Every structure is written in C-alpha cells, then in structure tokens.
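Topology and contacts: notes
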Amino acid sequence: RSQIKRGLREVERTESGGAEWADAFHAVYSHRMRELGSPAHGARLFRRMLEEFPEHARVVVVFDGDGPAAAAFLLGDGSRTCIPWASTLSTAMSRGLNMALYYECLLVAVRDGSAQFDFGRTTEGSGQYKFKMQWGGAPVPLHWYRLDAEMAPPEEDTGPGRAMQLVSGTWRRLPLGLTRRLGPLLVRQFS
C-alpha cells in the first residue's frame, strides 16, 4: 500500500479511454520496448483495436508533467480484464509510477464490472513476475507447444542466444524514431 500511495503522490494526472489515448500509450510503450531491445507493434494496431472494439479495449495513461510516463492497454469482456501491454518509462520507475499505473488499471477494471484481472504472461521468477505477484495474483501455467516437420520434441529454452543479444543491444542504440518505423515491420515476423 505504501508503494501505491507513493506512486499516486507522484502522478500529475491519469486518463483512461479509447482511441484518443492511443498515441500517448504508444509513446510510452515504443520507448520502453526500445530500451529493452525489442521491436514494438505500431501505433496503428492499437488505434484500430480501440476503434473496432470500443466496448472491450481501453487505454490507461499516467502523466508526469506534460507527458505520459506510464501506460497500459486493457482488454475486457465484462467479467474479466487483461493487461497484455503495459509500460513505464525507466525514468519514472523509481518514483513508483508503475505502481500507480497498475492501481489505476485495477480501478478501471472494477468500474467496468470485472471480477477477474489477468496480469498477463510472465516468466516465473523474473522481476515482472515478482511485481505482479505482490498484487495478490495467482499463477496459472501457460503451456507452449511447438510442432516441426520431423515431430521432434522441442529443445529446452535456454534464453536468448549470443546473436539475439547482439541484435537486442544494437536495437537499444538506434534512434527512437527509427525503431518506431522499423518495429512494426519486424515484430510481425515474431508475433
């Protein structure tokens, strides 16, 4: 509770809604994804989901000063809300704005009548996993299946290889504008 209160004291304002907040969401999301070394989906994808499914899709944005500092994309069906995409600028993390963001997302879900909140997939034991567990979540196993032509058993996932680490490190150093243009083209190949 103290972490939430601290984060809420730091918040300039919070907004939630539809397509009118797509660009604010994407500004935070694409910036953070570049910091993590990963291409981001394009703003158009999120805007289209908000326009096509206004009763099921929503954005929550936490502002710090003049700009967005944390943002989440929520999907709901009336009884359950999930948060497949959420990001907080690294400069805002130390002030607890990520806690304020999740608190606001939970409030939105409750106002929408949701009885369940799905925090999304996370690797067990990771920092994100620990962050989500402190909200009182309960893990549900998600099984991954991979089929190949030889029907061989899947190889054990040992994490990113050396080549992927090099690509990720290079991506982090690219200009933000370039990653915002290239990201949607690349992420289609992996998602």
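Residues numbered from 1 in each chain as written. Predicted model: local features only at pLDDT ≥ 70, side-chain atom pairs only at ≥ 80, totals over all residues. Heavy atoms only, no water.

**A short note on the nonpolar core**
When a protein is soluble and globular, its nonpolar side chains tend to lie buried together. Counting residues in hydrophobic clusters, the biggest one holds 22 residues, and the most contacted among them are Leu-74, Ile-83, Leu-101, Cys-105, Phe-117 and Trp-135. Of all the secondary-structure elements, those providing two or more residues to this core are β2 (57-64), β3 (67-76) and α5 (97-111). When residues in this core are grouped by element, the largest group, eight residues, is from α5. The residues touching Trp-135, leaving out its near neighbours within four places in the chain, are Ile-4, Met-99, Tyr-102, Tyr-103, Leu-106 and Phe-119. Counting residues in hydrophobic clusters, the runner-up holds 19 residues, among them Phe-46, Val-59, Trp-85 and Leu-89. (Core = buried A, V, L, I, M, F, W, Y, C linked by side-chain atoms within 4.5 Å. Buried < 20%, exposed > 50% of the residue type's maximum accessible area, 1.4 Å probe, protein only. Helix = DSSP H or I, 4+ residues; strand = E, 2+ residues; numbered from the N terminus. Contact = heavy atoms within 4.5 Å.)

**Some words on the packing of helix α2 (residues 22-36) against helix α7 (residues 162-173)**
One way to put it is that α2 packs onto α7 with a least axis distance of 7 Å and a crossing angle of 135°. Here α7 runs oblique to α2, going by the angle between their axes. Listed contacts from α7 to Arg-34, Glu-35 and Leu-36 of α2 are Ser-168, Trp-171 and Arg-172. Residue composition of the contact of α2 with α7, grouped by class: two nonpolar, one polar and three charged. (Axes fitted to C-alpha atoms, helices over the stretch in contact; angles between N-to-C directions. Parallel < 35°, antiparallel > 145°, perpendicular 65-115°, else oblique. Nonpolar A, V, L, I, M, F, W, Y, C, P; charged D, E, K, R; others polar.)

**Here we look at the environment of Ala-22**
In this fold, Ala-22 is placed in helix α2. As a C-alpha pair, Ala-22 and Glu-51 span 29 residues in sequence and 9.9 Å in three-dimensional space.

**Some thoughts on a nonpolar patch on the surface**
There is a patch of nonpolar side chains on the surface, built from Leu-182, Leu-185 and Leu-186 and spanning about 230 Å² of accessible area. A relative accessible area of 33% places Leu-182 in the partly exposed class. (Patch = residues over 30% accessible without salt bridge, like charges linked within 9 Å, V, L, I, M, F, W, Y side chains within 5 Å. Areas by Shrake-Rupley, 256 points an atom, 1.4 Å probe, with all protein chains shown as cover. Salt bridge = Lys/Arg side-chain N within 4 Å of Asp/Glu carboxyl O.)

**Here's the deal with the pattern of salt bridges**
Inspection of the entire model under this criterion finds seven salt bridges. Here Arg-47 ties to Asp-23 by a salt bridge, and the two come within 2.5 Å at their closest N and O atoms. Of this pair, Arg-47 sits in helix α3 (residues 43-52) while Asp-23 sits in helix α2, placing them 24 residues apart in sequence. Looking at Asp-23, the relative accessible area reads 48%, which means it is partly exposed. For the salt bridge of Glu-52 with Arg-48, the shortest nitrogen-to-oxygen distance reads 3.7 Å. In this pair, Glu-52 and Arg-48 both sit in helix α3, four residues apart, roughly one turn of the helix. A relative accessible area of 47% means that Glu-52 is categorised as partly exposed.

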